[in-house]
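# Observations on the model geometry
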Amino acid sequence: MHKQRIILLIITFALPLWGLGGVLRAQSLKDLFLKMPQEVCPALSEYSRLELVDNQKNNKTMQTRNQFRYVSTMKALTDNYAHLVVSNSSEKELKLLTQNDGSHIILVISTVHCDSIADSSISFYTTEWTPLDATRYISAPTSAEFRRISIDPASDRLTILITNPLAIQIDDSGIPAETRTSSQTLLWDATQNQFITH
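Residues numbered from 1 in each chain as written. Predicted model: local features only at pLDDT ≥ 70, side-chain atom pairs only at ≥ 80, totals over all residues. Heavy atoms only, no water.

### Side note on the pattern of salt bridges
- Scanning the entire structure with this criterion turns up 2 salt bridges.
- Put simply, Glu91 and Arg148 hold a salt bridge, and the shortest N to O gap is 3.2 Å. Here the residue Glu91 occupies a position in strand 4 (residues 90–98), and Arg148 occupies one in strand 8 (residues 146–152), the gap between them amounting to 57 residues. (Salt bridge = Lys/Arg side-chain N within 4 Å of Asp/Glu carboxyl O. Helix = DSSP H or I, 4+ residues; strand = E, 2+ residues; numbered from the N terminus.)

Written out as structure tokens, the structure reads:
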């Protein structure tokens, strides 16, 4: 009888831990990148994403031919961060953010480039890739401004370079020259589940 109780206790405690281990393994951004819906990055098919991850495993250059026949390059890929150059005019950063209950959400920064001008947008998703309301985690950007946003993967610090379109200057060749009018730094606060002014 005593032996049966011991076995029952082992099963009772082992099963939740085993399940938790499966959850933690599923939190790897590499795994989430492979499961990412194509609408998050239309240029990359499931095969292209798998090729990028496999190239890293095989110590090859992380490049693939995207849906538009251009080369996409993964600049960085870890268990919680990815930096993808989709084309000469666009890039994406993905970051796994920890919340106060130990769960995670996915931050996606999408940036488009036009000559020297860059404009970024931010999206948030659950680890099941369900879209979340971005205003819960960061102040909504002003649509009348161009914002170049990037994140430091080590500190979860956002850097936002803000350009007023009225301040953009055109050089003699007719190409716009970016004029940065201000900048802002935000830091992810896991206790509040949002980016705060730093």
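### Examining the packing of aromatic side chains
- Across all of its chains, the model carries 4 aromatic pairs by this definition.
- Judged by centre distance (4.9 Å) and plane angle (35°), the rings of Phe124 and Tyr137 are tilted. One end of the pair, Phe124, is in strand 6 (residues 117–125); the other, Tyr137, is in the loop between strand 7 (131–132) and strand 8, and 13 residues separate them in sequence.
- Among the residues examined, Phe124 registers a relative accessible area of 1% and is labelled buried.
- On the basis of an interplanar angle of 65° and a centroid distance of 5.1 Å, the ring pair of Trp188 and Phe195 is categorised as edge-to-face.
- A relative accessible area of 6% places Phe195 in the buried class. (Phe/Tyr/Trp six-rings, centres within 6.5 Å; stacked < 30°, edge-to-face > 60°. Buried < 20%, exposed > 50% of the residue type's maximum accessible area, 1.4 Å probe, protein only.)

### Focus: the pairing of strand 3 (residues 81–87)
- Burial of strand 3 is extensive: 6 of the 7 residues sit out of reach of the surface.
- Between strand 2 (residues 71–77) and strand 3, which follow one another and run antiparallel, lie 3 residues.
- By the bridge criterion, 6 bridges tie strand 3 to strand 4 in an arrangement that is antiparallel. Its bridge partner lying in strand 4, Leu84 is registered against Lys92.
- Once strand 3 ends, the chain turns through 2 residues before running back antiparallel as strand 4. (Pairing = 2+ DSSP bridges.)

### With respect to the sheet that holds strand 13 (residues 194–197)
- With respect to topology, 4 strands assemble into an open sheet ordered 8-9-12-13, the strand pairing being antiparallel. Since the sheet does not close on itself, it has two edges, and those belong to strand 8 and strand 13, each with one partner. Taken pair by pair, the neighbouring strands of this sheet meet at an average axis angle of 30°, ignoring direction.
- Both strand 8 and strand 9 (residues 157–163) contribute to a ladder of 7 bridges, which runs antiparallel. Looking at the pairing, Phe146 lines up with Thr163 of strand 9. (Axes fitted to C-alpha atoms, helices over the stretch in contact; angles between N-to-C directions.)

### Here's the deal with the environment of Gln184
- As for its position among the elements, Gln184 is in strand 12 (residues 182–189).
- Distance in space between the C-alpha atoms of Gln184 and Arg147 is 10.0 Å, their sequence separation being 37 residues.
- Excluding its chain neighbours within four sequence positions, the residues that come into contact with Gln184 are Arg147, Leu158, Thr159, Ile160 and Ile162. (Contact = heavy atoms within 4.5 Å.)

### Some words on the side chain of Gln99
- Considering the arrangement of structural elements, one finds Gln99 in the loop between strand 4 and strand 5 (104–114).
- Not counting chain neighbours up to four residues away, the residues in contact with Gln99 comprise His104, Ile105, Tyr137, Ala190 and Asn193.

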